Amino acid sequence: MNPSPDTIAEHLNHYPELAEQAKDWRHHFATDALSGKVILITGAGDGLGAATAKTYASFGATVILLGKTREKLEAVNDWISKNTSTQPVIVPCDLETLDLETAGNLADSIGDAFGTLDGIVHHASRLGPRAPLAHYPNDEWQKVMQINVNAVFLLNHALFSLLDASNRACVIHTSSSVGREGRAYWGAYAASKFALEGLSQVLADETEVAGRIKVFSVNPGGTRTAMRRDAYPLEDPLSLPTPEARMELFLLLQSPVDEGGETVEFVTGQQLDCRDWQGNVQRA
Ligand SMILES: NC(=O)c1ccc[n+]([C@@H]2O[C@H](COP(=O)([O-])OP(=O)(O)OC[C@H]3O[C@@H](n4cnc5c(N)ncnc54)[C@H](OP(=O)(O)O)[C@@H]3O)[C@@H](O)[C@H]2O)c1
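Just so we're clear, the structure is a prediction, and the values are computed from it rather than from any experiment. (Residues numbered from 1 in each chain as written. Predicted model: local features only at pLDDT ≥ 70, side-chain atom pairs only at ≥ 80, totals over all residues. Heavy atoms only, no water.)

**Examining the sheet that holds strand β6 (residues 213–219)**
So, point 1. What the seven strands build is an open sheet, ordered β3-β2-β1-β4-β5-β6-β9; its pairing is parallel. At either margin of the open sheet sits one strand with a lone partner, and together these are β3 (89–92) and β9 (271–273). Ignoring which end each strand starts from, the neighbouring axes of this sheet average 20° apart.
So, point 2. Strand direction decides the pairing type here: strand β1 (residues 38–42) and strand β2 (residues 62–67), joined by five bridges, are parallel. The residue of β2 that forms the bridge with I39 is V63.
So, point 3. Contacting β5 (169–174), β6 and β9, helix α7 (residues 187–207) runs over the sheet at an angle of about 160° to β6. (Pairing = 2+ DSSP bridges. Helix = DSSP H or I, 4+ residues; strand = E, 2+ residues; numbered from the N terminus. Axes fitted to C-alpha atoms, helices over the stretch in contact; angles between N-to-C directions. Contact = heavy atoms within 4.5 Å.)

Below, the structure written as structure tokens:
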């Protein structure tokens, strides 16, 4: 039987921002729900990526923290080492320069250390300038596409065999509202998120029959992070939900819950939104 919300909140004593949210979760996760799983999180030094890493580690996952700024990764690494029973790995990596060889080296290191990979959450992203396409700087277009799309392809490509070696792997592509409906002045960021949605659907379709890798795209919706502040500098950050308020869905997708003695699995390829999933994910 899964623990009550109070037991989960108590388990999360070390992480009050998440414990506060967990009281209202619709699903009751075992406190070791992700134990034995190895999950790579990109953009893990900040915002949603840091919250995802801390959440997964709090439920027992070994997390691989990939991001640009080493100091930010070290801070998350130290927090996890101090507050959970797991030991993370940090991978400082500028996705702007990621190529097939570097991605392959990362896959070799993960393979040597763990043998398989049970999940990837692609949070790392570049916002780029807010400008009309007619004036959009070409160098920025290339950088945004490289970080938000090409790097995701390269990581999925290089890590595919390790994911396929897992009993159940899950790849989450973090999208955006402007990746589902284009909006003026969102330029390369919007186009890159549309491409990410396409990449997610293709990978989901290719892996559906074998059934070992589940693939989703998730739009977190407006969340209190540095990127949101850059996009909306006049907005009051306190009016927005915290990254921890978005974590139930990110946890559920990596760890299907046990309901009535049965593990509930989700239909792969779904396009989800943290704001309106209402606790329901279409079931297989
Ligand atoms: N916050 C929102 O309201 C919102 C809404 C919709 C979608 N999203 C999506 O949610 C995801 C997480 O964003 P966030 O809001 O949490 O933003 P954030 O706090 O600014 O985090 C973005 C992360 O991406 C990393 N990153 C950027 N460029 C990189 C590069 N070249 N190489 C490696 N890592 C790089 C950053 O690392 P450094 O800090 O080291 O640079 C940072 O950890 C993104 O995919 C974003 O598009 C956010």
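**Describing the site of the ligand**
So, point 1. Close to the ligand lie 31 residues, the nearest being T69, K72, H123, Y189 and T225.
So, point 2. G47 places a main-chain nitrogen or oxygen 3.5 Å from an oxygen atom of the ligand.
So, point 3. At 2.8 Å, a backbone N or O of L48 approaches an oxygen atom of the ligand.
So, point 4. Counting residues per element, the ones that place at least two in the shell around the ligand are α3 (47–58), α7 and α8 (226–231).
So, point 5. If you tally residues by element for the shell around the ligand, the top one is α8, at three residues.
So, point 6. Each residue belonging to the shell around the ligand can be placed in one class, and the counts come to nine nonpolar, 15 polar and seven charged. (Near = heavy atom within 4 Å. Polar contact = N/O pair within 3.5 Å; in protein donor to acceptor, adjacent residues only side chain to side chain. Nonpolar A, V, L, I, M, F, W, Y, C, P; charged D, E, K, R; others polar.)

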